[in-house]
Amino acid sequence: MSNNTITIPSDLLPADGRFCSGPSKVRPEAVQALADRAHDYMGTSHRQMTVRFKVAELRNGLAELFALPDGYEVLLGNGGATGFWDAATFGLIERRSHHLSFGEFGSKFVKASAAAPHLEAPEVVEADPGSRPDIVAGDDVDAYCYPHNETSTGVFIEPARPAADGLVLVDATSGAGGMRFDPTATDVYYFAPQKCFAADGGIWIALCSPTAIERIESIAASDRWCPASLDLKIALDNSRKDQTYNTPALGTIFITAEQVNWMNGNGGLSWAADRCKASSDHLYGWAEASDVASPFVTDASMRSPVVGTIDFDERVDANQLSDVLRANGILDTEGYRKLGRNQIRIGMFPAVETTDVEALTNCIDFLVEHL
Ligand SMILES: *Cc1c(COP(=O)(O)O)cnc(C)c1O
């Protein structure tokens, strides 16, 4: 391909060209709903009832969406998923963690626990990108850590408890809201809202089991030092009052609540998961049938329903393809940079229409033929 300026016929283009794996497509209706509250919500105190009711609406909506078992609580705080890893090294891991590492995000949590001076060196089970390890019992560990969906490679793993004691901490930043799972298989299911929840980043949300809350309380009562902004006991106490320790982004909270209400109103988690499944079935089916493209994840049972990674053969330069798509208003199809493959990566979160994923593959077919 040599021509970056080719124009895709407008009847082939998706209605919305946003396919980023995070931050992901925000529904225009949610942005409009926020604009409608420009005068009595935005720019008002997060300690007053208007904002606290919104936080309560979000926490209750999430409990409904995930059908939270009795005793599970929804905590939130500032710092996104990355901030939550740091908070977890202080407030959830007692002494030694066990990690599954099969991509960028899983490996970042490993680095955070390995660097924490008050923890023992973590136990790490690795697998190559595009694959995943099994959930196994660890050796003398008190917390199991793995992503629900590895956003960098497009591989998911079904949350499950290993045959041993220990908290199960699942990084569901890209999986939460787009995939069914059994909440009783997790103690802390945490995420930031800029993926399936089609909002902005900056906050973390954690669904915590009674055992996780006991752990937070017992570590907080110990003599371990913890910075206040990462202190999960402080986050727990504030969340119970529909507050955060310091000022949250009010727009993020509002748009996340809009998305949760939208999902609940349409049929909840199974409805959202079915949308993602339909979109990704189309993408993978298209790639399997193509003679230039193929799914990067060779084992179909490991393929993510929310983030699809597609390899191209030497006849197509994937970076150039993404550039031409971008010039035509189809954004963020680039592969994960550190993976370094001739690849595109497509976010297919619940807000993305399946018809737009179909339009995207039609556009790619057009470009492959015309460039
Ligand atoms: C995006 C992502 C993160 C990082 O989220 P931040 O809110 O930017 O910290 C962590 N884990 C997974 C699985 C992700 O997809």
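Not measured: the values here are computed from a predicted model.

**What to know about the overall build of the protein chain**
Stage number 1. Helix and strand content of the protein chain: 10 helices and 12 strands.
Stage number 2. Its C-alpha atoms put the protein chain at 65 × 55 × 30 Å along the principal axes.
Stage number 3. The contacts of the protein chain with a sequence gap of at least 6 include a subset with a gap of at least 24, amounting to 72%.
Stage number 4. With an accessible surface of roughly 14700 Å², the protein chain has 49% of that area assigned to carbon and sulfur atoms.

**Notes on helix H2 (residues 49–65)**
Stage number 1. With 17 residues, H2 extends 23 Å from end C-alpha to end C-alpha; this agrees with the ideal 24 Å at 1.5 Å per step.
Stage number 2. For H2, the full list of buried residues reads Val51, Lys54, Val55, Ala56, Leu58, Arg59, Gly61, Leu62 and Leu65.
Stage number 3. Against the buried residues of H2 lie strand E1 (73–78), strand E8 (188–191), strand E9 (203–208), helix H6 (232–239), helix H7 (250–266) and helix H8 (268–289).
Stage number 4. Trailing H2 by a residue or two, Ala67 shows a phi angle of about 45°, which is positive.

**Observations concerning the site of the ligand**
Stage number 1. Neighbouring the ligand are 13 residues; Thr82, Thr151, Asp171, Gln194 and Lys195 lie closest to it.
Stage number 2. In the environment of the ligand, an oxygen atom lies 2.4 Å from a nitrogen or oxygen atom belonging to the side chain of Thr151.
Stage number 3. The side chain of Asp171 places a nitrogen or oxygen atom 2.6 Å from a nitrogen atom of the ligand.
Stage number 4. In terms of residue count, the dominant contributor to the shell around the ligand is helix H3 (residues 80–91) (4 residues).
Stage number 5. Across the shell around the ligand, the residue classes tally to 4 nonpolar, 7 polar and 2 charged.

**Regarding the packing of aromatic side chains**
Stage number 1. One pass over the full model with this rule turns up 14 aromatic pairs.
Stage number 2. Taking the centre distance of 5.8 Å and the plane angle of 65° together, the rings of Phe66 and Phe181 count as edge-to-face. One end of the pair, Phe66, is in the loop between H2 and E1; the other, Phe181, is in the loop between strand E7 (167–171) and E8, with 115 residues separating them in the sequence. Of the two residues examined, Phe66 and Phe181, each falls in the buried class.
Stage number 3. With centroids separated by 6.0 Å and ring planes inclined at 50°, the aromatic side chains of Phe66 and Phe191 adopt a geometry described as tilted. Here Phe191 lies in strand E8 and Phe66 lies in the loop between H2 and E1, a separation of 125 residues in the sequence. The pair formed by Phe66 and Phe191 is uniform in burial state, with each residue classed as buried.
Stage number 4. One aromatic cluster is present, formed by Phe66, Phe181, Tyr189, Phe191 and Phe197 through successive ring pairs.
Stage number 5. In this arrangement the basic side chain of Arg132 is found over the ring face of Phe156, its NZ or CZ atom lying 5.5 Å from the centre.
Stage number 6. Lying across the ring of Tyr284, Arg303 places its NZ or CZ 5.5 Å from the centre.

**Observations regarding the sheet that holds strand E4 (residues 143–147)**
Whenever strands of a sheet pair, they do so through backbone hydrogen bonds, lying parallel or antiparallel.
Stage number 1. What the 7 strands build is an open sheet, ordered E1-E9-E8-E7-E4-E2-E3; its pairing is mixed. If you trace the sheet from one side to the other, it starts and ends with E1 and strand E3 (123–126), each paired once. The mean angle between the axes of side-by-side strands here comes to 20°, regardless of whether they run parallel or antiparallel.
Stage number 2. In this structure, strand E2 (residues 97–101) lies alongside E4, joined through 3 bridges in parallel fashion. In the strand pairing of E4, His99 is matched with Cys145.
Stage number 3. Along the sheet face, H2 touches E1, E8 and E9 and points at about 130° away from the line of E1.
Stage number 4. Its contacts with the sheet place helix H4 (residues 104–115) against E2, E3, E4, E7 and E8, and it is angled at close to 155° to E2.

The rules behind the values
- Residues numbered from 1 in each chain as written.
- Predicted model: local features only at pLDDT ≥ 70, side-chain atom pairs only at ≥ 80, totals over all residues.
- Heavy atoms only, no water.
- Helix = DSSP H or I, 4+ residues; strand = E, 2+ residues; numbered from the N terminus.
- Contact = heavy atoms within 4.5 Å.
- Areas by Shrake-Rupley, 256 points an atom, 1.4 Å probe, with all protein chains shown as cover.
- Expected span 1.5 Å × (residues − 1).
- Buried < 20%, exposed > 50% of the residue type's maximum accessible area, 1.4 Å probe, protein only.
- Near = heavy atom within 4 Å.
- Polar contact = N/O pair within 3.5 Å; in protein donor to acceptor, adjacent residues only side chain to side chain.
- Nonpolar A, V, L, I, M, F, W, Y, C, P; charged D, E, K, R; others polar.
- Phe/Tyr/Trp six-rings, centres within 6.5 Å; stacked < 30°, edge-to-face > 60°.
- Lys NZ or Arg CZ within 6 Å of the ring centre and 35° of its normal.
- Pairing = 2+ DSSP bridges.
- Axes fitted to C-alpha atoms, helices over the stretch in contact; angles between N-to-C directions.

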